[in-house]
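Single-letter residue listing:
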Amino acid sequence: MKSRAQPHARVAPAKFTLWQHTVLIVAIIIAVAMVYLPVLRGDFVWDDFLLITGNPLLQNFSGLVEIWSGGRTADYFPLTNTIFWIEHHLFGANATGYHAVNILLQIANALLVWRLLTRLNIPGAWLAGLIFGIHPVHVASVAWISELKNLLAMFFALLSVLCFLELDDKRLRNSATAYAASLVFFALALLSKTQVVFLPFVLLLCAWWRDKKSAGTKTTHDLRRNVIRSWPFFALAIVLGLITMWFQNRGIGEEEIVIGSLLRRFVNAAMAIWWYAVHLFAPVRLMAIYPNWRFDSPRLLEWLPLIALTGVLAGLWHWRNRGTRGAFFAVGCFIVALLPSLGLVRMAYVRSGTLVADHLQYFADVPLLALFCAGVAYAWNQRQRATKIATATIVALLVGAMGTYAFGRAEVYRNEETLWQDNLSKNPDAWQAHIMMAQRRFKQERYAEAAYHAGRAAELKPGLADIHNQLGLAYCRLEEFEKGIAEYRTALQLKEAKPSTARSAGVAKIRANLANALAITANHLSESAHTVPEEAMRRYEEAIRQYEEALELDPQQPAIHRNLGMLLARLGRYDEAIPHLRATLQMVPNEPLARETLDAIEASHR
């Protein structure tokens, strides 16, 4: 037994003097700041428009109340949304301030990772903190403003674990203070992002790791004590987890999100765990949205990752007293941290067609990085000079390569153009990338390209009404009105097929777009005719019906009132037109088209 303990003594955590400690802290700060320097020039991307720039809840104090009540939020992350509320009032539409906060949190998390691993007596802790701070996979969590929830939840989760570890060390005067602090930090982490529901299991694994004994009465007593300590953490996790599932299901509504049978979910979960592990150690071809996964019945060979994973865990546990204890601890924490995001239950992200994403592994990477860095520390502590030189050289090259790639990935998140062009160059079948590019091209008045991207999105995701609506808009700008009308009708059919969306404001917009296209085509049919052709009149009447039904759903839309009023005036139905034109001017005083039309009607009646 003594001979087995000797190698562990050689990899004991390094002790640093005060000035060395200061230098190492500064090194992490500078490294993370340098890697994420391009982010400070970045813009808002992807969900940032929904959660921040276009979020009405960030405008005033009543919105802050709604953030905590959860009445109009897709997820229940009130602490994160409160920070967004504060940032919005500090920085407005200037993305630099938001990015700076994310970078500062990433620096804090890297330092806390170092601190936590040191408290767990894991060698190579500083290197693990450094790599965590600059790892390319983590760029998605730092450069994407919306993923503040990852950074914030990780910050509080690390503090929670650190306080929990203080209970046995008794470094605080009152252990109850440490326990209460740990529980409060865990609650704050959950309110930032509920993916940290795994933390109570990690606390138990940390307690198991710190107890070096493998058997005996004391071990059983310690285990019972830690289970008793952790039950409030489990209770919090269950409650907030169920709340989040309810919010997710409410946000998803009746949209079909395929996750497969129970067997397929277990098979996919195992494949995802291996995928994330490979991605951590070989971060190549990173992208925002990865290629689609299979959700049909699993094939025979697809069971191999699950069998292999089970075998690895069983082997590490079996030989835990013969040198694999640390590996079991690391792999166990890694798997536990991934469990909430493996598609075992329905989650909104799977609507993209893929099961994996860089930001979903942010919490899980720490234990495997710790395992790797402990191995590096073991190699470094060998007496051979050549081994030290080789280890230092390889680590320096790896850190340099990771930092360089992370710097490049940070550049990718500069704006929507760079992000989605990069994604489509690696995964041309990402429907979300296509629809985002379609919206961008439409705003740039590059309608042919907008129609192409919206068309590809419709091919890849035919059941989403908003895609067909976007495609209809592009076709109409290209004056291909019949194609546009067909897409609007498809969008309406998809919306009205589901009770949860049949009476929504989105339906009002689609009806208004359809009415606009019908009115324009009717105008074209009437231009060269002495009387209004029958087909043109049919289209006018349908356009009027669509406008009226849109106003029933969303009566506070001045553009719909204006367009309906102008159409009725064109058809000589002045008495019907006047109320709509006046309603327009009440909402938008001096709206030019409504004012001109109303003045003309009133002048003709004098």
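Since the structure is predicted, the reported quantities are computational estimates derived from the model, not experimental observations. Residue indices follow the written sequence of each chain, beginning from 1 at its first position. The predicted origin of the model limits local features to residues at a pLDDT of at least 70 and limits the giving and counting of side-chain atom pairs to 80 or more, whereas totals for whole chains, interfaces and linings rest on all residues. Only hydrogens and water are removed before side-chain values are computed, so all heavy atoms of the structure are retained for them.

Next up on the list: the overall build of the protein. Numbering of helices and strands runs from the N terminus; a helix is a DSSP stretch of H or I covering at least four residues, while a strand is a stretch of E covering at least two. Helix and strand content of the protein: 27 helices and zero strands. Dimensions of the protein, computed from C-alpha atoms along their principal axes, come out at roughly 105 × 55 × 40 Å. Per-residue accessibility, obtained with a 1.4 Å probe over protein chains only, is compared with the maximum for each type, and a residue is labelled buried under 20%, exposed over 50%, and partly exposed between these values. When burial is assessed residue by residue, the protein has 51% of its 606 residues classed as buried. Contacts: residue pairs with any heavy atoms within 4.5 Å of one another. Sequence separation of 24 or more characterises 71% of the internal contacts of the protein that already satisfy a separation of 6 or more.

Moving on to the nonpolar core. Judged by nonpolar contacts, the single largest core of 191 residues is most densely connected at V196, F334, Y413 and W420. Among the elements that line this core, the one with the most residues is helix α9 (residues 148-169), at 14 residues. Setting aside anything within four residues of it in sequence, one finds F334 in contact with I273, Y276, A277, A364, D365, P367 and L368. Definition used in this section: a nonpolar core is a set of buried Ala, Val, Leu, Ile, Met, Phe, Trp, Tyr and Cys residues joined via side-chain atoms within 4.5 Å.

This part is about the packing of aromatic side chains. In this scheme Phe, Tyr and Trp rings, the latter by its six-membered ring, pair at centre separations within 6.5 Å, and the angle between planes marks the pair as stacked below 30 degrees, edge-to-face above 60, and tilted otherwise. All chains considered together, the criterion is met by 21 aromatic pairs. Here F91 and Y98 contribute two aromatic rings whose centre-to-centre distance is 5.6 Å and whose plane-to-plane angle is 65°, an arrangement assigned as edge-to-face. With a relative accessible area of 28%, F91 lands in the partly exposed category. Ring centres of F186 and F233 lie 5.7 Å apart, and the angle between their planes is 40°; on these two criteria the pair is classed as tilted. Of this pair, F186 sits in helix α10 (residues 175-192) while F233 sits in helix α12 (residues 217-252), and the two are 47 residues apart along the sequence. In this structure F186 comes out as buried when scored by relative accessible area, which is 0%. The lysine or arginine in question, R320, covers the ring of W317, its NZ or CZ lying 3.8 Å from the ring centre. When the NZ atom of lysine or the CZ atom of arginine is within 6 Å of a ring's centre and also within 35 degrees of its normal, the charge is said to sit over that ring.

With respect to the secondary-structure elements, T354 resides in the loop between α15 (325-338) and α16 (365-380). In this structure T354 comes out as buried when scored by relative accessible area, which is 0%. A polar side-chain atom of T354 sits 3.2 Å from the main-chain carbonyl oxygen of P291. Ignoring anything within four residues of it in the chain, the contact list for T354 reads I289, Y290, P291, N292, W293 and Y349. Polar contacts here mean pairs of N or O atoms no more than 3.5 Å apart (in protein, one a potential hydrogen donor and the other a potential acceptor; neighbouring residues in sequence count only if both atoms are side-chain atoms).

Another point: the confidence of the model for the protein. Taken residue by residue, the protein gives an average pLDDT of 89. The fraction at 70 or more is 93%. As a per-residue quantity, pLDDT reports the predictor's confidence and falls between 0 and 100. Within the model, pLDDT remains below 50 along residues 213-217, and this stretch shows four contacts once partners closer than five positions in the same chain are excluded.

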